[in-house]
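Chain by chain, the residues:
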Amino acid sequence: MGRLRRLLVRRRPGLVSLRTTFAVSFAAVTAAVTVLVGVLSYSAAARLVRVDQESVFDQVVQDLRDEVRQHTMTPGDFSSSAPGHDIVRPARTDVQVLGPDGSVIDSGSPALPVTSADRAIAADRTAGTIAEHKEVDVGADVYRVATVSLGGGHGAVQVAQEFSDTEDLLRALQQRTLILMAAVVTGAGIVGWWLARRITRRLIILTSAAEDVARTRRLGIVVPVAGYDEVGRLGRAFDRMLGRLAQSEEDQRRLVQDAGHELRTPLTSLRTNISLLRRIDELPPATRLELVADLSQEARELTDLVNELVDLAAGQSDTEPPQRVDLADIAEDVAGLARRRTGREITVRASGDTTTDGRPGMLTRAISNLAENAAKFDRDGTEPIEINVSGPARPGTVRVEILDRGPGVAEADLIRIFDRFYRAADARSLPGSGLGLSIVREVAMAHAGAPFAYRREGGGSVIGFTVGGAPAGLTR
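Residues numbered from 1 in each chain as written. Predicted model: local features only at pLDDT ≥ 70, side-chain atom pairs only at ≥ 80, totals over all residues. Heavy atoms only, no water.

Section: unusual backbone geometry
Logical step 1: Cis geometry is found at the peptide bond from Ser109 to Pro110, where omega equals 5°.
Logical step 2: One can find Pro110 in the loop between strand S2 (104-106) and helix H3 (116-122).
Logical step 3: Of note in this structure, Ala448 is not a glycine but carries a positive phi near 60°.
Logical step 4: Here Ala448 shows up in the loop between helix H9 (436-446) and strand S11 (451-455).
Logical step 5: The exposure class assigned to Ala448 is partly exposed, which follows from its relative accessible area of 41%. (Helix = DSSP H or I, 4+ residues; strand = E, 2+ residues; numbered from the N terminus. Buried < 20%, exposed > 50% of the residue type's maximum accessible area, 1.4 Å probe, protein only.)

Quick look at the structure:
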């Protein structure tokens, strides 16, 4: 069952591809519009031609009736051989004159059939009486015939108009319309296929790139990007997505390698001390206390390291919903907690608008890491640690910085202190994992900001980050 499903999934794009759908849809719409326009155009043209022919014939018959009603006229007045005969013969109009008994006195060209109704009209005493015949076959042609009485039993005049040639003209027009419609539909199909191929070509390239990624699991595939329409935007977004995934995969790999390296030292120390526990009865009491203290310290450091690794790998709680926060209030809360933990005096100064959109938990962790870092390196300091929150340095940005009077950061270490697990030479004897400042960098970058660090005039360091603005670099 699973194999059949995979076969259907593989075959389905070939059966109903996007290119075929575009081409067929384009041709279908064009065909529908062409047929509609062709039918309406032909119907309107045919109606106009027929109405025009009928109006001309009706006008000729009406003029004849008016003439015979106003004047007493005989068949000789309408003879085609008589000069100045009294009837106008439009194109495709035939005239035939009947005597009082219905006999043909002046034959039409071609001769028109005479029925009993026509003979009765010829003998009618009232001028202008009419008998109409809608469709009369005359040879191979079809005529419309009207017989008009001359009155007084003098005879009648037959007026006929040929309709078959009009219908032939309309049939020829219909055939040409059908041929034109077929040509337009065929051309629309060809143009639709060309347009569909042109439109879907880049989509096919993107699909191939996605399939290559799925097949090879290589995220470094170059995605060809062209154009500035929706497909071009999709290509650029796909390329950026692959770049971010590749970077994430690289960061994950590096994190695992760095974590393995950093965990190796405390685990080795723990293993060594645990091996000593087997001979704890042989150790002096002071050595026992020292061994237990070492184990407790190493367990705490290992716990802190694992917690920081979990926080870093989890992306600093990216699922926490952003909200409007005041960084000055967060700094006050962090300062209060740090005072209780370290016993140091910590002051907070705020200036300007310090509100921004962010995730409060992440921002609290970043400021707390900076405060604890300052307290750790300025352990014997007497001056208060300062937390300055100012905004906006640039439109929409807030700046947070921690000032201490510790030994400061060496110039060579300023550009590396935010790297994972990096610890300056003079800090390796102090407790810590080297992840605190890297978490600060992750938080800053997650809030469209950047970390910074520089040496403070008079000794000490200034370390902090910006929030809500373009990255401003790591050092100053």
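A word on the packing of helix H8 (residues 360-377) against H9
Logical step 1: Between H8 and H9, whose axes approach to 9 Å, the crossing angle comes to 145°. Crossing handedness for the pair H8 and H9: left-handed. Across the interface between the two elements, Met362, Leu363, Arg365, Ala366, Asn369, Leu370 and Asn373 of H8 pack against Gly436, Leu437, Ile439, Val440, Val443 and Ala446 of H9.
Logical step 2: A per-class count over the contact of H8 with H9 returns 9 nonpolar, 3 polar and 1 charged. (Axes fitted to C-alpha atoms, helices over the stretch in contact; angles between N-to-C directions. Left-handed = near helix turned anticlockwise from the far one by under 90°. Contact = heavy atoms within 4.5 Å. Nonpolar A, V, L, I, M, F, W, Y, C, P; charged D, E, K, R; others polar.)

Quick look at the UniProt feature "transmembrane region" (unreviewed entry) in the protein
Logical step 1: In the numbering adopted here, UniProt assigns the feature "transmembrane region" (unreviewed entry) to residues 21-45 and 178-196.
Logical step 2: Helix makes up 100% of residues 21-45 and strand 0%, and the two end C-alpha atoms of the span are 35 Å apart.
Logical step 3: End C-alpha atoms of residues 178-196 are separated by 26 Å, and the span's content is 100% helix alongside 0% strand. (UniProt positions renumbered as here; feature names shortened; annotations may be inferred.)

Quick notes on the sheet that holds strand S12 (residues 461-467)
Logical step 1: Taken together, 5 strands build an open sheet; the order of strands is S7-S9-S10-S12-S11 and the sheet is mixed. Across the chains shown, the open sheet's two edge strands, defined by having one partner strand only, are strand S7 (346-352) and S11. For this sheet, the mean inter-axis angle between neighbouring strands, taken without regard to orientation, is 15°.
Logical step 2: In terms of strand pairing, S11 meets S12 through 5 bridges, oriented antiparallel. Bridge pairing in S12 places Arg455 opposite Ser461.
Logical step 3: In the packing of helix H7 (residues 327-342) onto the sheet, contacts are made with S7, strand S9 (385-391), strand S10 (398-403) and S12, and the angle to S7 comes to roughly 175°.
Logical step 4: Contacting S9, S10 and S12, H8 crosses the sheet at an angle of about 175° to S12. (Pairing = 2+ DSSP bridges.)

Comments concerning the sheet that holds strand S3 (residues 130-138)
Logical step 1: Across the sheet, which stays open at both edges, the 5 strands sit in the order S2-S1-S5-S4-S3 with antiparallel pairing between neighbours. The open sheet has two edge strands with one neighbour each: S2 and S3. On average, each strand axis in the sheet is inclined to that of its neighbour by 30°, with strand direction left out of account.
Logical step 2: Pairing geometry for strand S4 (residues 141-149) and strand S5 (residues 156-162), over 7 bridges, is antiparallel. Note that in S5 the partner of Ala146 across the bridge is Val159.

A word on H7
Logical step 1: With 16 residues, H7 extends 22 Å between its outermost C-alpha atoms, agreeing within 8% with the 22 Å of an ideal straight helix rising 1.5 Å per residue.
Logical step 2: For H7, the complete set of buried residues consists of Leu327, Ala328, Ile330, Ala331, Val334, Ala335, Gly336 and Ala338.
Logical step 3: Structurally, the start of H7 carries an N-cap: the backbone nitrogen of Ala328 is 3.0 Å from a side-chain oxygen of Asp326.
Logical step 4: At the exit of H7 stands Gly343, carrying a positive phi of roughly 75°. (Expected span 1.5 Å × (residues − 1). Polar contact = N/O pair within 3.5 Å; in protein donor to acceptor, adjacent residues only side chain to side chain.)

Examining the nonpolar core
Logical step 1: Ranked by size, the top nonpolar core spans 36 residues in total, and within it Leu327, Leu363, Ile387 and Phe465 carry the most contacts.
Logical step 2: Secondary structure elements with two or more residues in this core: H7, S7, H8, S9, S10, H9 and S12.
Logical step 3: The dominant element in this core, judged by the number of residues it contributes, is H8, at 8 residues.
Logical step 4: Once residues lying within four places of it in the same chain are set aside, the contact partners of Ile387 are Ala331, Ala335, Ile346, Thr347, Val348, Arg349, Glu401 and Ile402.
Logical step 5: Judged by nonpolar contacts, the second largest core, of 14 residues, contains Leu64, Val68, Val95 and Val157. (Core = buried A, V, L, I, M, F, W, Y, C linked by side-chain atoms within 4.5 Å.)

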